Amino acid sequence: MIKIGKINNLRVVKKVDFGIYLDGGDAGEILLPNRYIPEGTAVDDNLDVFIYRDSENRLIATTELPLIQVGEFALLKTVMVNDVGAFMEMGVMKDLLVPYREQREPMVVGKSYVVYAYLDQASNRIVGSTKLNKYLGNKIPRYTPGDEVETLVVEKKDLGYRLIVDNLHWGMVYKNDVFDTLRIGDVMHGVVKLVRDDGKVDVTFREQGGERVFQLARHIVGYLEDNNGVMRLCDKSHPDDIKAVFHCSKKDFKKALGYLFKRRRILVADNGVKLLNCQNDKNIQ
C-alpha cells in the first residue's frame, strides 16, 4: 500500500509518451512525468519516488527529494499567502499548505517557519502545521543515556537551544554541549544525556569520553568560519601541516573531521573541507 507524502519504492509497469506509470497497488497506476524519469529506466525497474496529490486530486510521483515528509518537522520558507492559508516551499513541484487553523501565528511571505507535515484525513492531502505542541510529546521517550538521536534546532534560549528529537519529543542542548553556533533549522546528530520526568530529552553533541576531539572540532569550526567556510587541510594532509595550524596529531584531526561530518557540519573533499550552512559560503576549488 502506498504512503502519500512519503518516499515509496514502486515498480515501473508501462511507458507512455508523457512519462511512465508505476504500480501503486490498491491506488492504481501512478504517473511519473518525463522530467523526473532517471535515464535508462525500463519496465519492471523499481524507483524511489515521492507521492503527492496534484491540484486535480490525482496521485503524482516525483524523483525530486522533498524537504519534508509526512510525520516530519522541517524549516520551510513561505512562498505565498492567500485566503486558504500559507504555502511553503517543500522541494517538489507541489507547495505545502498550512491552513489558517494550523498557524500558531500569522505567516508572512519570505519568512521561514518550523512546520510539521501530516496527512489530512478529510482530503487525503499533505498539510502542514506550525502548532508544534500538538504533534510532540505524545509518546513516552524510551531512551537510555548514550543513545544516538537526530535533532532539529527550533529555538535559541538563554541556556542553549530547544530541539525536536527524532520527530517525536521536545529536547534541549545546553551551551556547554554545543561545538559551534547553531541556526534554526539545523539538523544534527546527538547523544541522549537524560530523559527528564516531564518527558523532555536533554541532548549533547559531545562524543562520550572524547573531550579533546570535541574541543578540536570547535576549533576547526571556528577556523572555517574565519576563512569563508573553507580550508585546504583535510584528512589526506601531511601531519606537519595539520600540526602547524591546529597543534594536534593527524589522528585527532581525522577524528574531529569524522565527528563534524557525522553531524552534518562539514563536507570533506580530496582538496579540503567545506563548512555546511556557513553564511560566507564558498565552494572548494
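Everything below is about the structure printed above this text.
Residues numbered from 1 in each chain as written. Predicted model: local features only at pLDDT ≥ 70, side-chain atom pairs only at ≥ 80, totals over all residues. Heavy atoms only, no water.

Some thoughts on the packing of helix 1 (residues 211-226) against helix 3 (residues 250-262)
Relative orientation of the contacting elements helix 1 and helix 3 amounts to 75 degrees, with a least axis distance of 9 Å. Our classification of the angle between helix 1 and helix 3 gives roughly perpendicular. Between helix 1, through Arg-212, Val-213, Phe-214, Leu-216, Ala-217, Ile-220 and Val-221, and helix 3, the contact on the second element is made entirely by Asp-252, Phe-253, Lys-255, Ala-256, Leu-257, Tyr-259 and Leu-260. (Axes fitted to C-alpha atoms, helices over the stretch in contact; angles between N-to-C directions. Helix = DSSP H or I, 4+ residues; strand = E, 2+ residues; numbered from the N terminus. Parallel < 35°, antiparallel > 145°, perpendicular 65-115°, else oblique. Contact = heavy atoms within 4.5 Å.)

Observations concerning the sheet that holds strand 12 (residues 160-165)
Strand order around the closed barrel formed by five strands is 11-12-13-15-14, with mixed pairing between neighbours. This sheet shows a mean twist of 50 degrees between the axes of neighbouring strands, independent of strand direction. Bridging between strand 11 (residues 148-156) and strand 14 (residues 187-195) involves five bridges; their strand directions are antiparallel. By the bridge assignment, Leu-152 is partnered in strand 14 with Val-187. (Pairing = 2+ DSSP bridges.)

Details of the pairing of strand 12
Across the six residues of strand 12, five count as buried, placing the element largely inside the fold. Relative to strand 12, strand 11 runs antiparallel, the two being bridged by five bridges. Counterpart to Lys-156 in the pairing with strand 12 is Tyr-161. Hairpin connection from strand 11 to strand 12: three residues lie between these consecutive antiparallel strands. Bridge count for strand 12 against strand 13 (residues 169-174) is six bridges, and the pairing is antiparallel. Looking at strand 13, one finds that Leu-163 is bridged to Gly-171. Linking two consecutive strands that pair antiparallel, namely strand 12 and strand 13, is a turn of three residues; a positive phi of about 55 degrees is found at Asp-166 within it. (Buried < 20%, exposed > 50% of the residue type's maximum accessible area, 1.4 Å probe, protein only.)

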